[in-house]
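One letter stands for each residue in the lines below.
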Amino acid sequence: MDNINKIIQERRSHYPHEFNGQQLDNNIIDTLIENACWAPNHTLNFPWRFIVLKNEALKNWLQLVLDNLIKDTPPEKFNQKKVDKIQAYQTQVSHAIVLVCEHDSESVNKQKEDLLAVACGVQNMYLSLSQFSNAGGYWSTGMGTYGDGMHSYFNLKSNQVLMGYFMLGGLDKKRTESHRKDFRQFIISVK
Ligand SMILES: Cc1cc2nc3c(=O)[nH]c(=O)nc-3n(C[C@H](O)[C@H](O)[C@H](O)COP(=O)(O)O)c2cc1C
């Protein structure tokens, strides 16, 4: 397989339960963000913004996620496993990069393009991880992404949209295997 095809097809999401608890070097985080900024973006308006959470800031945010989960779950739906899972993030996760899209136009189409460009940036982050054999991560749109609370927690402005988090941690060994459907079925033929 050509190198670029291999990198794309062996890119995987790695989750906190797979992390070994090691702190990643800041240069890894810088590389991911720098490469995110090389993503295509219409009119070069650079709609992405990033908030890097580590150490105390990471712990405080994870505590809020946990508090919200407990507060917002009705007693009959309470699931201790979910609580334990988030609690474990405190020792598993090294960094969380908060993904923000900033709009500079009122146009609905332009705003759509801004979101698309940020997603291209996130793909660059994912692919950049390939060069670091002991670091992995994934894009999470859980943990309050769509609630009002996080927007104000991060002091986001009205033209900024929270798009989730890139959760990162150390890995002893990377998974590369996955599966995809045959690409041909996604091609719509023209009559
Ligand atoms: C926009 C977006 C949001 C995602 N949100 C979540 C999430 O909230 N939780 C999660 O476990 N995975 C999330 N993922 C990761 C996908 O589950 C993952 O990409 C998919 O299972 C395919 O696995 P792979 O990335 O290893 O190929 C998200 C991916 C994308 C593109």
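Our subject in this report is the structure included herewith. (Residues numbered from 1 in each chain as written. Predicted model: local features only at pLDDT ≥ 70, side-chain atom pairs only at ≥ 80, totals over all residues. Heavy atoms only, no water.)

### Focus: the overall build of the protein chain
- The helix and strand tally for the protein chain stands at six helices and four strands.
- Counting from the amino terminus, the protein chain carries its helices and strands in the arrangement α-α-β-α-α-β-α-β-α-β.
- Taken against the 2.2 N^0.38 rule, which gives 16 Å for 191 residues, the C-alpha radius of gyration of the protein chain at 18 Å falls within 12% of a compact globule.
- Projected onto its principal axes, the C-alpha coordinates of the protein chain cover approximately 55 × 45 × 40 Å.
- Taken over 191 residues, the protein chain has a buried fraction of 38%.
- For the protein chain, the exposed area adds up to about 11,800 Å²; of that, 54% sits on carbon and sulfur atoms.
- Each charge class in the protein chain was averaged separately, 21 positive and 20 negative side chains, and the resulting centres sit 7 Å apart. (Helix = DSSP H or I, 4+ residues; strand = E, 2+ residues; numbered from the N terminus. Rg over C-alpha atoms; globule rule 2.2 N^0.38 Å. Buried < 20%, exposed > 50% of the residue type's maximum accessible area, 1.4 Å probe, protein only. Areas by Shrake-Rupley, 256 points an atom, 1.4 Å probe, with all protein chains shown as cover. Lys, Arg positive; Asp, Glu negative; His and termini not counted. Charge placed at Lys NZ, Arg CZ, Asp CG, Glu CD.)

### Overview of the sheet that holds strand β4 (residues 160-170)
- Pairing is antiparallel in the open sheet, where four strands are placed in the order β1-β2-β4-β3. Unpaired on one side and paired on the other, β1 (48-53) and β3 (135-140) mark the two borders of the sheet. Neighbouring strand axes in the sheet, compared pairwise and without regard to direction, differ in orientation by 25 degrees on average.
- Both β3 and β4 contribute to a ladder of six bridges, which runs antiparallel. For G137, the partnering residue across the bridge sits in β4 and is L168.
- Strands β1, β2 (95-102), β3 and β4 of the sheet are contacted by helix α5 (residues 108-128), whose axis makes an angle of about 155 degrees with β2. (Pairing = 2+ DSSP bridges. Axes fitted to C-alpha atoms, helices over the stretch in contact; angles between N-to-C directions. Contact = heavy atoms within 4.5 Å.)

### A short note on the nonpolar core
- Grouped together as the largest cluster of nonpolar side chains are 45 residues, with contacts concentrated most on W61, M143, Y165, F166 and M167.
- Breaking this core down by element, the ones donating at least two residues are α2 (26-36), β1, α3 (55-72), α4 (80-92), β2, α5, β3 and β4. (Core = buried A, V, L, I, M, F, W, Y, C linked by side-chain atoms within 4.5 Å.)

### Some words on the site of the ligand
- Lining the immediate surroundings of the ligand are R11, R12, S13, Y15, Y126, Y138, W139, S140, T141, G142 and R180.
- Here an oxygen atom of the ligand and a side-chain polar atom of R12 are 2.8 Å apart.
- In the environment of the ligand, an oxygen atom lies 3.0 Å from a nitrogen or oxygen atom belonging to the backbone of T141.
- Contact with the protein chains removes 57% of the 620 Å² of surface that the ligand exposes when unbound. (Near = heavy atom within 4 Å. Polar contact = N/O pair within 3.5 Å; in protein donor to acceptor, adjacent residues only side chain to side chain.)

### Focus: the packing of aromatic side chains
- What the rule picks out here adds up to six aromatic pairs.
- Centre to centre, the rings of Y153 and F154 are 5.1 Å apart; their planes meet at 80 degrees, and the pair counts as edge-to-face.
- Judged by relative accessible area, Y153 falls into the partly exposed class, the value being 36%.
- Joined through ring pairs, the aromatic side chains of W61, Y153, F154 and Y165 make up one cluster.
- Here R11 stacks its cationic end above the ring of Y126, 4.5 Å away from the centre of that ring. (Phe/Tyr/Trp six-rings, centres within 6.5 Å; stacked < 30°, edge-to-face > 60°. Lys NZ or Arg CZ within 6 Å of the ring centre and 35° of its normal.)

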